[in-house]
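Close look at the chain arrangement
This is what each chain is made of:
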Amino acid sequence: AQTVTQSQPEMSVQEAETVTLSCTYDTSENNYYLFWYKQPPSRQMILVIRQEAYKQQNATENRFSVNFQKAAKSFSLKISDSQLGDTAMYFCAFFGVTSGSRLTFGEGTQLTVNP
Amino acid sequence: GAVVSQHPSWVICKSGTSVKIECRSLDFQATTMFWYRQFPKQSLMLMATSNEGSKATYEQGVEKDKFLINHASLTLSTLTVTSAHPEDSSFYICSARDWGGGLAQHFGDGTRLSIL
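Residue numbers here run from 1 along each chain, matching the order of that chain's written sequence. Each chain gets a letter, beginning with A, and each ligand a number, beginning with 1, in the order they are written. Confidence filtering applies because this is a predicted model: local features only for residues at pLDDT of at least 70, side-chain atom pairs given and counted only at 80 or more, and all residues used for totals across whole chains, interfaces and linings. The basis for every side-chain value is the complete set of heavy atoms in the structure, and neither hydrogens nor water enter the calculation.

A tally of regular secondary structure across chain B gives zero helices and 11 strands. Secondary structure elements follow DSSP: runs of H or I of four or more residues count as helices, runs of E of two or more count as strands, with numbering from the N terminus. Listing each helix as α and each strand as β along chain B from the N terminus yields β-β-β-β-β-β-β-β-β-β-β. We compute the radius of gyration over the C-alpha atoms and compare it with the globule rule, which gives 2.2 Å times the number of residues raised to the power 0.38. Against the 2.2 N^0.38 benchmark of 13 Å for 116 residues, chain B shows a C-alpha radius of gyration of 13 Å, consistent with a compact globule. Dimensions along the principal axes, computed over C-alpha positions, put chain B at roughly 40 × 30 × 20 Å. Exposure is judged per residue with a 1.4 Å probe applied to protein chains only, and the accessible area is read against the type maximum: over 50% gives exposed, under 20% gives buried, and values in between give partly exposed. The proportion of buried residues among the 116 residues of chain B is 52%.

Here you go:
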């Protein structure tokens, strides 16, 4: 079974600064996807970024980028130029193409951006 | 982008009544939909996987007779909480996988259920 671990329950950052959220996972599969989801106070789950395991290039989406280290099974999220609207719970998630049909979520990291 | 519509967003009802929550994929076909429950400040807990045209697969510990799931079409799944009690009060979120969109799961906005 896959596991996803987010070791930082809470983090804070000053507006306009950069912050990195960590995520590690454990799997025996080679074909999988990794995701970061954002859940603001409204509780809507928003897909932030996606990484295919077979791609060596790290995914980027505007101010959001990942550092995908496949051998280390690490998938961190970097948020540049943090904005107040980035305040949210962030969930790392794993999907194994071979093994099953479900997402496995980490416990989440509550990020607070301070003015 | 892919949109999942969930409603109602908030429902309050008396103990003993049944409540139905709808989940629709608006611009893609979803052969598989998922129902989650989330407690405050916690991660999402998968309750069941809903497959179009077949019975749902429930996670261990989830009462299938209490949480009825129907996935009658490629764009609609429903969750009915039967004979609801205060302990069923929670935040319920549905999700649908977009197989043609990089396997991402897209989520509805959630339903806040309060049982009095």
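Read on for the rest.
With that out of the way, let us pick up the side chain of Arg-63 of chain A. All names here are of chain A. Inspection of the secondary structure assignment puts Arg-63 in the loop between strand 7 (60–61) and strand 8 (64–69). For Arg-63, a relative accessible area of 18% translates into the label buried. Nitrogen and oxygen atoms within 3.5 Å of one another constitute a polar contact, given that in protein one can donate a hydrogen and the other can accept it, and given that sequence-neighbouring residues count only through two side-chain atoms. Here Asp-81 takes part through its backbone oxygen, which lies 3.2 Å from a polar atom of the side chain of Arg-63. Reaching out from Arg-63, the side chain makes a polar contact with the side chain of Asp-86 at a distance of 2.8 Å.

Residues and elements named next belong to chain A. Position of Gln-51 relative to the elements: it lies in strand 6 (residues 46–52). A polar atom in the side chain of Gln-51 sits 3.2 Å from the backbone oxygen of Lys-55. A distance of 2.9 Å separates a polar side-chain atom of Gln-51 from the backbone nitrogen of Ala-59. Look past the residues within four positions of Gln-51 in its chain and what remains in contact with it is Tyr-32, Tyr-33, Leu-34, Gln-57, Asn-58, Ala-59, Val-66, Phe-68 and Phe-75. What makes two residues a contact is simply this: any of their non-hydrogen atoms within 4.5 Å.

These figures capture arrangement, not role.
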